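Structural overview for review
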Amino acid sequence: MNATVYKSTGSWYVVKNDTGKQFNARILGKFKIDGLTSTNPIAVGDTVEIVMENELEAGVTITKINDRRNYITRISPSNKHQHHIIASNLDQSLLFATLKDPKTSQGFIDRFLVSCEAFHIPAIIVFNKADIFKKKEEEKFAMLKDIYEGIGYTVKKISVETGEGVDEVKELLKDKVTLLSGHSGVGKSSFLNRLFPDMKLKTQDVSGWSGKGMHTTTFAEMFDIPFGGKIIDTPGIRELGLVDISKQELSHYFPEMKNLINDCQFNNCLHINEPNCAIKKAVADNSIATDRYVSYCNILDSIEEQF
């Protein structure tokens, strides 16, 4: 029987077969997947083969993991040299961000986008809490929308609180498998409650003293969207570590840089202090946003080359 993984708690999995029947599943032995050193062999979104173990308790055993179309990982919380697969077989990712209460840094957005580019997953950026935008936030949003749409990303402004823009985002989710991501406190759970009014997901206010939302989700989980499609909610991911991206290839994951790389004088140019660098020239004449270049430099600095 074929099934799709909807939830993973580490040792047990919730899966649904092709007719939508839900089972509790476990794995026997260890799975070695295409040489990937991940801390979790099975991820939400995986399609698997199952055999019935206990019909009475709807218990099944996972015997095989089918090939993944794609997947997205973060660095394992317990070991920075290992991956933790967040989700697989995705059509797109939806990053929830906010310009205040809490403020999502552009560095966080850019790291997320680099991961999506590296894993070949189209990304949508949604700025929530439009109802509390003042002139400053409106100007900042217009600037960011300009930058990110200019390099091919979809950018939306919404207020889950008032409903502004929510239907537009729903339309983007229809019939797609979407990874929902973003810091705690940006309104992901409230958004899910709008999609699934019967679900009553826990939401927590951003704790005032630190400006950081408390974690309300600990495991990734997939939900069937009533109007078609699936959405995967992820734990309040602090950091999408850039797994296995070398300094040399980083600029390939900035779409506005990718097209200019061949114009640099040196083919191993890192676009920092090399002469006749096409990227630095593009930053100087404003065809590449300075903030994006700053993100590039910061990410470059954070990559540890492993020899």
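Scroll up for the structure.
A few points on the structure. (Residues numbered from 1 in each chain as written. Predicted model: local features only at pLDDT ≥ 70, side-chain atom pairs only at ≥ 80, totals over all residues. Heavy atoms only, no water.)

1. Brief notes about unusual backbone geometry
Residue proline 102 follows aspartate 101 across a cis peptide bond; omega there is -5°. Inspection of the secondary structure puts proline 102 in the loop between β8 (92-98) and α1 (106-118). Here the phi dihedral of asparagine 286 falls at roughly 65°; this positive angle occurs in a residue that is not glycine. Checked against the element boundaries, asparagine 286 lands in the loop between α7 (278-284) and α8 (290-302). (Helix = DSSP H or I, 4+ residues; strand = E, 2+ residues; numbered from the N terminus.)

2. With respect to the side chain of lysine 188
Its place among the elements puts lysine 188 in helix α4 (residues 188-195). Within the structure, the side chain of lysine 188 is placed 3.3 Å from the backbone oxygen of glycine 182, a separation counted as a polar contact. (Polar contact = N/O pair within 3.5 Å; in protein donor to acceptor, adjacent residues only side chain to side chain.)

3. Observations regarding the packing of aromatic side chains
In this structure the tally under the stated criterion is 6 aromatic pairs. Residues tyrosine 71 and phenylalanine 119 carry aromatic rings whose centres are separated by 5.5 Å and whose planes lie at 50° to one another, so their mutual orientation is tilted. Placement of tyrosine 71 in strand β6 (residues 71-75) and of phenylalanine 119 in the loop between α1 and β9 (123-128) is noted, with a sequence separation of 48 residues between them. Residues tyrosine 293 and tyrosine 296 carry aromatic rings whose centres are separated by 6.2 Å and whose planes lie at 25° to one another, so their mutual orientation is stacked. In this pair, tyrosine 293 and tyrosine 296 both sit in helix α8, 3 residues apart, roughly one turn of the helix. Given a relative accessible area of 0%, tyrosine 296 falls into the buried group. (Phe/Tyr/Trp six-rings, centres within 6.5 Å; stacked < 30°, edge-to-face > 60°. Buried < 20%, exposed > 50% of the residue type's maximum accessible area, 1.4 Å probe, protein only.)

4. So, helix α2 (residues 135-150)
Taking 1.5 Å of rise per residue, the 16 residues of α2 would be expected to cover 22 Å, and the 22 Å separating its terminal C-alpha atoms lies within 8% of that figure. Within the sequence span of α2, burial applies to Glu137, Phe141, Leu144, Ile147 and Tyr148. Down the axis of α2, the sector holding all buried residues measures 130°, keeping them to one side. Across from the buried face of α2, at angles greater than 90 degrees, the exposed residues are Lys135, Asp146 and Gly150. Taken together, the buried residues of α2 touch α1, β9, β10 (154-157) and α8. Directly after α2, the chain includes glycine 152, whose backbone phi takes a positive value near 105°. (Expected span 1.5 Å × (residues − 1). Arc of directions from axis to C-beta. Contact = heavy atoms within 4.5 Å.)

5. Quick notes on the state of the cysteines
One pass over the full model with this rule turns up 0 disulfides. Cysteine cysteine 264 is unpaired, with the sulfur of cysteine 277 as its nearest cysteine sulfur at 4.0 Å. Sulfur of cysteine 277: no disulfide; nearest cysteine sulfur belongs to cysteine 269 and is 3.9 Å away. (Disulfide = S-S within 2.5 Å.)

6. Some details on the pairing of strand β1 (residues 2-8)
Among the 7 residues in β1, 5 count as buried, and that is most of the element. Examined bridge by bridge, β1 and strand β4 (residues 47-54) share 3 bridges and lie antiparallel to one another. When the bridges of β4 are listed, asparagine 2 appears paired with glutamate 49. The pairing of β1 with strand β2 (residues 13-17) spans 5 bridges and is antiparallel. Paired with serine 8 across the strands is tyrosine 13, a residue of β2. (Pairing = 2+ DSSP bridges.)

7. Brief notes about the pattern of salt bridges
The tally for this structure, following the rule as stated, stands at 12 salt bridges. The partner of glutamate 53 in a salt bridge is arginine 26, and the shortest N-O contact between them spans 3.2 Å. Of the two residues, glutamate 53 sits in strand β4 while arginine 26 sits in strand β3 (residues 22-27), which places them 27 residues apart along the sequence. Taking relative accessible area as the criterion, glutamate 53 reaches 40% and is therefore assigned partly exposed. Here arginine 292 makes a salt bridge to aspartate 110, at a shortest N to O gap of 2.7 Å. Taken together, the residues arginine 292 in helix α8 and aspartate 110 in helix α1 connect sequence positions 182 residues apart. Residue class for arginine 292 comes out buried when judged on its relative accessible area of 1%. Three or more residues are tied together by salt bridges with common partners; here these are Asp110, Glu256 and Arg292. (Salt bridge = Lys/Arg side-chain N within 4 Å of Asp/Glu carboxyl O.)

8. Comments concerning α1
For α1, spanning 13 residues, the distance from its first C-alpha to its last is 18 Å, which sits close to the expected 18 Å at 1.5 Å a residue. Summarising burial for α1: 11 of the 13 residues are buried, a large majority. Residue histidine 120 follows α1 closely and has a positive phi angle near 60°.

9. Some details on the environment of asparagine 89
The topology assignment puts asparagine 89 in the loop between β7 (83-88) and β8. Taking relative accessible area as the criterion, asparagine 89 reaches 11% and is therefore assigned buried. The spatial distance from the C-alpha of asparagine 89 to the C-alpha of threonine 178 is 9.3 Å, given a sequence separation of 89 residues. Not counting the four nearest positions on each side in its chain, asparagine 89 is found in contact with Gly45, Asp46, Thr47, Asp67, Arg68, Arg69, Asn70 and Val177. Within the structure, the side chain of asparagine 89 is placed 2.9 Å from the backbone oxygen of glycine 45, a separation counted as a polar contact.

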